[in-house]
Amino acid sequence: MSYRYLWAVGSTAGQIQPGQVVGNRYYVGAPQVWLDTKPAVPPTIPESISDVILPYLHLYSHRLHLPGVHGIYNLGTTSEGEEILLLDNIPTDSKGTILPTMAEVWPKTKSIRQVYWLWQMLQLWTPLSEQGAAYSLLVKDNLRVESWRIRLIQLHQGKVKPTLKDLAEFWSAFIETAQDEVQQPLQNISQLMQSYQASLETISDELNQLLLQQAAQLPLHLAVAGHSDTGPLRSHNEDSYYPRKVDLEQIDSYPHNQLIPHLSLICDGVGGHEGGEVASQLAVKSIQPLIATFMTEINEQEGLTPPDLIIDQLQEITRVINNVISAQNNEQKRSLRQRMGTTLVMALQLPQKLKTAKNLELKNAHELYIVNVGDSRAYWITRDSCQALTIDDDVITREVKQGRSLYWEASQRQDAGALTQAVGTREAEFLRPTVQRFIIEEDGLLLLCSDGLSDNDWVEKSWAAYAPAVLQAEKSLESAVEGWINLANTHNGHDNTSVVLTYCGVSPQKLILIDTPAKPSIPNEIESEPTEASKALMYDEEESEKQPQTTTSGLKKWQQILLVIGIAVLVIGGGLALWWQVNRSTEFEPEKETVQKSSVVG
């Protein structure tokens, strides 16, 4: 059982001295920092969700930077007692010490990270403003930093809505002590922010240009390895991943010469033995030529393509893949809960070129885009930390984001881990892929995995046994991948497991040793299907939360690519139709579910 540190909101909580135990449960380690000594005991949940709590729930998607609501503590036994709000996911180290403020570490921070912190603040400006909490970014003590990322202690709802001019004035003290190479460009951006004519889009473009110029001056070394295992309880593997060993061996051929080592992805099939495996394989194969074409077009552009446009195109590519699988479902006349689909987590290191003010061409702007649908995950791991970059598309997330319940409350539902969307189960207009952009400005490992590993927090529990050794060139990528696969089989074991690990280095390149992979374990003939709750959520045509999405314009060469995919679909469809008929003739009783999963996939 893991203990957690909480932030107790309010001046009354701040007056409780360290060393005290509150309510025979919470140990006060520092002012307003409480350690929950009984994490297995449910927290107190408010009778109703107040206007103070609601913004935290709506902003759940931004957990990389913002805290969440754990529960409340009633200080006093009478009805007049004060209700103290307790926040989790707060910026502390493992000993409960609050992380340093941005102001404290700013002067000694390298220029790329200084600009990256300001970029993150600007990206948080709109979602926080929509919840009336933009003032949270203007409180110095509230802004904490953990390596590359900005973190907030709590949300502050100011009486007056701040403007970009207010943000520029707040930045002025930081800009005055910024590193020399970025100080003048930041001053120019600050002046732009104080102009009433400047839009947020224009300011973002200018700051993005500066950020990528700084990042592109760093070296970037990439290496990738992956593996997938059926697991001890399954008779076949419904996971697919890229790149496989055979792909690495064919790196000189198209599209691998475009994609490796820039693209990695994992798809975990949904639909049991009737289609999950087909859906995941179809997604992995179909996405490669689309991404290769996209990368070619980006490379042919003279200027930088803005992040928003790249995000739109990656969402569009995901919807195209969705329709390829959906077409298979339609051809086989699969309806509702019989429709096959797949989760998707994809990482694309996009090597955009750009020119400096001195007309020097830099070949890689260090951008990393993460796309996810479902509950396969991406993690960023350094020598000192491990951070989940994605949030699962499950019932818990839906209930919290829509402001209907706190996380702990939603996690007690019987269908808490059921998926709310997957690629291919419905038409593309209902699909909402999440796409995020990051900048690689430190040495780290990008881990993609299916829930065969991530279930029960085994990545968080085990990362320290693998990542530091790989980053110090004491362990190979392959051995780390195999180690995680074996760990998943030992401690979870109920599902297929897939792992793709990418080394991202900005320091002088070190040798990444190559090991011989361990022999995969031999599975038993036991398998499981998605739960009825998960099927109902993914396939229910009438669910009110599934609002149609407006698609963006396609790529210039998509007609050619879609034609190729269309032909492939017809060929594959013919084979699948024959397979389907053969299997129908030997149909037997459906297998009973043998394993109840907390996070449900096929």
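The structure displayed is predicted, hence computed values, not measured ones. Along each chain, numbering runs from 1 in the same order as the chain's sequence is written. Local features in a predicted model are, by the rule used here, given only for residues with pLDDT of at least 70; side-chain atom pairs are given and counted only at 80 or more, and totals for whole chains, interfaces and linings are based on all residues. Note: side-chain values were computed over all heavy atoms of the structure, leaving out hydrogens and water.

*Asks:* Now, about the overall build of the protein: what can you tell me, with residues and values included?
*Replies:* By definition, any uninterrupted DSSP run of H or I lasting at least four residues is a helix, any uninterrupted run of E lasting at least two residues is a strand, and each is numbered from the N terminus. Counting secondary structure elements, the protein contains 19 helices and 21 strands. Per-residue burial for the protein yields a buried fraction of 56% across its 602 residues. Long-range contacts, defined as pairs at least 24 residues apart, comprise 76% of the intrachain contacts of the protein with a sequence gap of at least 6. Accessible surface, the protein: about 26400 Å² in total, of which carbon and sulfur atoms supply 50%. For each residue, the accessible area found with a 1.4 Å probe, counting protein chains only, is set against the maximum for its type, and the residue is called buried under 20%, exposed over 50%, and partly exposed in between. Pairs of residues are marked as contacts when any of their non-hydrogen atoms sit within 4.5 Å. Here the accessible surface of atoms and residues is derived via Shrake-Rupley with a 1.4 Å probe, and residues count as covered only by protein chains that are part of the display.

*Asks:* Pulling in residues and values, what's your account of the sheet that holds strand 1 (residues 4-8)?
*Replies:* DSSP bridges decide pairing: two strands pair if at least two such bridges lie between them. What the 6 strands build is an open sheet, ordered 2-3-4-1-6-5; its pairing is antiparallel. Whereas interior strands pair on both sides, the edge strands pair on one side only; in this sheet they are strand 2 (21-22) and strand 5 (68-75). Where strand 1 and strand 4 (residues 33-36) come together, 4 bridges link them in antiparallel fashion. Bridging from a neighbouring strand, Trp7 pairs with Val33 of strand 4.

*Asks:* How would you summarise the UniProt feature "coiled-coil region" (unreviewed entry) in the protein if you had to cite specific residues and measurements?
*Replies:* Using the residue numbers shown here, the UniProt feature "coiled-coil region" (unreviewed entry) corresponds to residues 186-213. Taken end to end, residues 186-213 comprises 79% helix and 0% strand; its first and last C-alpha atoms sit 13 Å apart. UniProt positions are given in the numbering used here, feature names are shortened, and annotations may be inferred rather than shown by experiment.

*Asks:* Just give me the short version of the side chain of Ser405, but keep the residues and values in it.
*Replies:* Along the chain, Ser405 turns up in the loop between helix 12 (395-401) and helix 13 (407-411). Not counting residues within four places of it along the chain, the set of residues in contact with Ser405 comprises Ile49, Leu57, Glu399, Val400 and Ala410.

*Asks:* Requested: an account of a negative patch on the surface, with residues and values cited.
*Replies:* Patch definition: residues with relative accessible area over 30% and no salt bridge; like charges joined within 9 Å; nonpolar side chains (Val, Leu, Ile, Met, Phe, Trp, Tyr) joined within 5 Å. When a carboxyl oxygen of Asp or Glu lies within 4 Å of a side-chain nitrogen of Lys or Arg, that pair is called a salt bridge. When charges are tallied, Lys and Arg are placed among the positive residues and Asp and Glu among the negative ones, while His and the ends of the chain are skipped. For the purpose of locating charges, the reference atoms are NZ of Lys, CZ of Arg, CG of Asp and CD of Glu. Negative charge collects at one region of the surface, where Glu201, Asp205, Glu206 and Asp308 lie side by side. If one sorts the elements of the negative patch by residue count, helix 7 (residues 200-216) sits on top with 3 residues. In this fold, Asp205 is placed in helix 7. Taking relative accessible area as the criterion, Asp205 reaches 36% and is therefore assigned partly exposed.

*Asks:* Before we move on, can you summarise the sheet that holds strand 18 (residues 386-388) with the specific residues and values?
*Replies:* With antiparallel pairing, the 5 strands of this open sheet are ordered in space as 9-21-20-17-18. Looking along the sheet, the strands with just one partner apiece sit at the ends: strand 9 (221-229) and strand 18. Averaged over all pairs of adjacent strands, the angle between their axes in this sheet comes to 20°, without regard to strand direction. Where strand 9 meets strand 21 (residues 497-505), 9 bridges bridge the pair, whose relative direction is antiparallel. Considered in strand 21, the bridge of Asp229 is made with Thr497. Axis angles are defined between N-to-C directions and span 0 to 180 degrees, where every axis is a line fitted to C-alpha atoms and, for a helix, only to the segment in contact.

*Asks:* Which residues make up the confidence of the model for the protein, and what are the values?
*Replies:* Note on scores: pLDDT gives the predictor's confidence for each residue, bounded by 0 and 100. Residue-level pLDDT values for the protein average 87, and 84% of them are 70 or greater. Residue range residues 550-556 is modelled with pLDDT below 50. Its contacts to residues more than four positions away, or to other chains, number 12 contacts.

*Asks:* Outline the packing of aromatic side chains, supporting the account with residue identities and numerical values.
*Replies:* How two aromatic rings sit relative to each other is set out by the distance from centre to centre and by the angle between their planes. Note on aromatic contacts: the rings of Phe and Tyr and the six-membered ring of Trp form a pair at centre separations within 6.5 Å, being stacked when their planes are under 30 degrees apart, edge-to-face when over 60 apart, and tilted otherwise. A complete count under the given rule lists 10 aromatic pairs for this structure. Ring centres of Tyr26 and Tyr73 lie 6.1 Å apart, and the angle between their planes is 80°; on these two criteria the pair is classed as edge-to-face. Taken as a pair, Tyr26 in strand 3 (residues 26-30) and Tyr73 in strand 5 lie far apart in primary sequence, 47 residues in all. Assessed through its relative accessible area of 3%, Tyr26 is described here as buried. Ring plane angle 75° and centroid distance 6.0 Å describe the contact between Trp34 and Tyr73, whose orientation is recorded as edge-to-face. With Trp34 in strand 4 and Tyr73 in strand 5, the pair connects residues that are 39 residues apart, well separated along the chain. A residue is classified by how much of its surface remains accessible, and Trp34, at 0% relative accessible area, is buried. Two thresholds decide whether a charge sits over a ring: the Lys NZ or Arg CZ must be within 6 Å of the ring centre and within 35 degrees of the ring normal. Seen from the ring of Phe174, Lys140 lies directly overhead, with NZ or CZ sitting 5.7 Å from the centre. Sitting over the face of the ring of Phe430, Arg426 holds its NZ or CZ atom 4.3 Å from the ring centroid.

*Asks:* Let's hear about the nonpolar core: which residues, and what values?
*Replies:* Formed by 124 residues in total, the largest nonpolar core has its most connected members in Met121, Leu128, Trp171, Ile291 and Leu314. The biggest single contributor to this core is helix 10 (residues 276-300), with 12 residues. Every residue in contact with Leu128, bar those within four places of it in the chain, is listed here: Leu59, Leu66, Ala133, Ala134, Leu137, Leu152 and Leu155. By convention a nonpolar core is built from buried Ala, Val, Leu, Ile, Met, Phe, Trp, Tyr and Cys residues, the set being connected through side-chain atoms within 4.5 Å. With 25 residues, the next largest nonpolar core counts Leu453, Trp458, Ala480 and Ile485 among its residues.

*Asks:* Now, about helix 4 (residues 111-130): what can you tell me, with residues and values included?
*Replies:* Given the number of residues in a helix, its expected span is that number minus one, multiplied by 1.5 Å. Between its terminal C-alpha atoms helix 4 stretches 30 Å, which fits the 28 Å expected from 20 residues at 1.5 Å a residue. Throughout, the bend at a residue refers to the angle made by two axes, fitted to the seven residues ending there and to the seven starting there. The largest bend along helix 4 measures about 30° and falls at Leu124, with the proline Pro127 one to four residues further on. Most of helix 4 is tucked away: 17 of the 20 residues are buried. Following helix 4 by one or two positions, Gly132 has its phi on the positive side, about 70°.

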